[in-house]
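Close look at the chain arrangement
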Amino acid sequence: TPEAVVTHFFNFALDFYDLMRKIGCVVYLKLSYKEIEDRLGDLTARGVALKNGQTLKDLYNERCPLYEKYAHIVQECDHKRVREIVQELASQANA
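Residues numbered from 1 in each chain as written. Predicted model: local features only at pLDDT ≥ 70, side-chain atom pairs only at ≥ 80, totals over all residues. Heavy atoms only, no water.

The next point concerns the overall build of the protein chain. Helices and strands together make up the secondary structure of the protein chain, namely 5 helices and 2 strands. Scanning the protein chain from its N terminus toward the C terminus, one meets helices and strands in the order α-β-α-α-α-β-α. As presented, the protein chain carries roughly 7,100 Å² of accessible surface, and 55% of it is formed by carbon and sulfur atoms. (Helix = DSSP H or I, 4+ residues; strand = E, 2+ residues; numbered from the N terminus. Areas by Shrake-Rupley, 256 points an atom, 1.4 Å probe, with all protein chains shown as cover.)

This is how it looks when you write it as structure tokens:
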């Protein structure tokens, strides 16, 4: 059975991103800023750590290029149900 690591990739060193690419398939579940903002709601309650003066938009703009750079697969997830996302990923895996 293949092994899996599921992570949100938040505050990891770049070495970790490289390691993840070497040991497995990295899938970036891509959401627009608006979708993330709507889903997160209260940032404090959700445990989102921002630097002093940093906004969620700043964090989003900082992280998205990293996620796209290190991902083997970028899966668009806006306005999709989990089942649809899984089916799309499965079809990519079988291609």
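Now that the structure has been shown, the text picks up again.
Okay, the side chain of Q54 next. Within the secondary structure, Q54 is located in the loop between α3 (43-46) and α4 (56-70). You can call Q54 buried: its relative accessible area is 13%. Within the structure, Q54 has its side chain in polar contact with the side chain of E62 (distance 3.3 Å). Not counting the four nearest positions on each side in its chain, Q54 is found in contact with L59 and E62. (Buried < 20%, exposed > 50% of the residue type's maximum accessible area, 1.4 Å probe, protein only. Polar contact = N/O pair within 3.5 Å; in protein donor to acceptor, adjacent residues only side chain to side chain. Contact = heavy atoms within 4.5 Å.)

This part is about the pattern of salt bridges. In the structure shown here, the tally under the stated rule is 7 salt bridges. Between E68 and K30 there is a salt bridge, with the nearest N and O atoms lying 3.0 Å from each other. Of this pair, E68 sits in helix α4 while K30 sits in strand β1 (residues 27-30), and the two are 38 residues apart along the sequence. For K30, the salt bridge goes to E76, with nearest N and O atoms at 3.8 Å. (Salt bridge = Lys/Arg side-chain N within 4 Å of Asp/Glu carboxyl O.)

Where a protein is soluble and globular, its nonpolar side chains tend to be buried together. Counting 12 residues, the largest nonpolar core is built from Y17, M20, V26, Y28, Y33, L40, L56, Y60, C64, Y67, Y70 and A71. Secondary-structure elements contributing two or more residues to this core are α1 (14-23), α2 (33-40) and α4. Per-element tally for this core: the top contributor is α4, with 5 residues. When near neighbours in sequence (up to four residues on either side) are disregarded, Y28 contacts C64, Y67, E68, A71, I73, V74 and Q75. (Core = buried A, V, L, I, M, F, W, Y, C linked by side-chain atoms within 4.5 Å.)

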